Amino acid sequence: MRIVFPTVENLSYMSNVAPDVKEANYFTVLNLSGQTISSVELMKNRIHENVEDEIVKLFKSNNFNVLIVPHIDNQLEKKLKNVGISIFTEEKRKKVLGLYSDFVQDKLKKI
């Protein structure tokens, strides 16, 4: 499983999560084997035009399964769901590792 978090800094799983996908400087990706983090990837956000469509292409081409984000607009939410990405939200912004912990404990809201 590949879980993606929009983040504001390049600090691996200690990065603070961005308030919205469109405001991310980076995408931090946790690769899982069961519930264990097998590796962490960092991708610089280079999307500046046609943001929603490019995010959908990026997420689909990288085989992301889950997006965890504090906020997402309705149009992007629908487009991501249409390509099979599950979306979870948590209004209190946290670090990636804290949100991952909440995810495995079923504390996040699935939309």
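Look up a bit, the structure's there.
K.L.:
Account for the sheet that holds strand β3 (residues 36–44), with residues named and values stated.
P.N.:
Pairing in this open sheet of six strands is mixed, and the strands run β3-β2-β1-β4-β5-β6 from one edge to the other. Either end of the sheet is taken by a strand with one partner, and the two such strands are β3 and β6 (109–110). Pairing of strand β1 (residues 2–7) with strand β4 (residues 66–69) involves two bridges; the strand directions are parallel. The residue bridging I3 from the neighbouring strand is V66, located in β4. Packed onto the sheet, helix α3 (residues 96–104) meets β1, β2 (26–33), β3, β4 and β5 (86–89) and runs at close to 140 degrees relative to β1.

K.L.:
I'd like to hear about the packing of helix α1 (residues 51–61) against helix α2 (residues 74–82), residue by residue, with values.
P.N.:
The contact between α1 and α2 brings their axes to 10 Å, and the two run at 30 degrees. Compared by their axis directions, α1 and α2 come out roughly parallel. Judged by the twist between their axes, the crossing of α1 over α2 is right-handed. Contacts from E52, D53, I55, V56 and F59 of α1 reach α2 at Q75, L76, K79 and L80.

K.L.:
So what's going on with the environment of F64? Which residues, and what values?
P.N.:
Tracing the sequence through the fold places F64 in the loop between α1 and β4. Taking the C-alpha atoms as reference points, F64 and M1, 63 residues apart in sequence, are found 7.5 Å from one another. Residue contacts for F64: discarding those within four places in its chain leaves R2, V4, V29, M43, L58, F59 and I85.

K.L.:
Describe the packing of aromatic side chains, and please don't skip the residues or the numbers.
P.N.:
Aromatic ring pairs are reported here in terms of the distance separating the ring centres and the angle at which the planes meet. Under the criterion given, the structure shown has three aromatic pairs. Seen from their ring centres, F59 and F64 are 5.2 Å apart, and the 75 degrees between their planes marks the pair as edge-to-face. Each member of the pair, F59 together with F64, is buried. For the ring pair F88 and F103, a centre distance of 5.1 Å and an interplane angle of 85 degrees mean the geometry is edge-to-face. Highlighted residues: F88 in strand β5 and F103 in helix α3, separated in sequence by 15 residues. Each member of the pair F88 and F103 is classed as buried. Here a set of aromatic residues connected by ring pairs shows up, and it is made of F27, F59 and F64.

K.L.:
Residues and numbers for α1, please.
P.N.:
Among all positions in α1, only E52, I55, V56, L58 and F59 are buried. The buried residues of α1 occupy an angular sector of 165 degrees when the element is viewed end-on, so they sit on one face. In α1, the exposed positions that point more than 90 degrees away from the buried face belong to K57, K60 and S61. Turning to α1, the residues buried within the fold contact β1, β2, β3, β4 and α2. Following α1 by one or two positions, N63 adopts a phi angle in the positive range, close to 55 degrees.

K.L.:
Break down the pairing of β5 for me, citing the residues and quoting the values.
P.N.:
With four bridges joining them, β4 and β5 adopt parallel strand pairing. Counted as the bridge partner of L67 is I87 from β5. Following the backbone out of β4, through α2 and into the adjacent parallel β5, one traces a crossover that is right-handed. Where β5 meets β6, two bridges bridge the pair, whose relative direction is antiparallel. Note that in β6 the partner of T89 across the bridge is K109.

Definitions and cut-offs
- Residues numbered from 1 in each chain as written.
- Predicted model: local features only at pLDDT ≥ 70, side-chain atom pairs only at ≥ 80, totals over all residues.
- Heavy atoms only, no water.
- Pairing = 2+ DSSP bridges.
- Helix = DSSP H or I, 4+ residues; strand = E, 2+ residues; numbered from the N terminus.
- Contact = heavy atoms within 4.5 Å.
- Axes fitted to C-alpha atoms, helices over the stretch in contact; angles between N-to-C directions.
- Parallel < 35°, antiparallel > 145°, perpendicular 65-115°, else oblique.
- Left-handed = near helix turned anticlockwise from the far one by under 90°.
- Phe/Tyr/Trp six-rings, centres within 6.5 Å; stacked < 30°, edge-to-face > 60°.
- Buried < 20%, exposed > 50% of the residue type's maximum accessible area, 1.4 Å probe, protein only.
- Arc of directions from axis to C-beta.
- Right-handed = clockwise from strand over helix to strand, strands pointing away.

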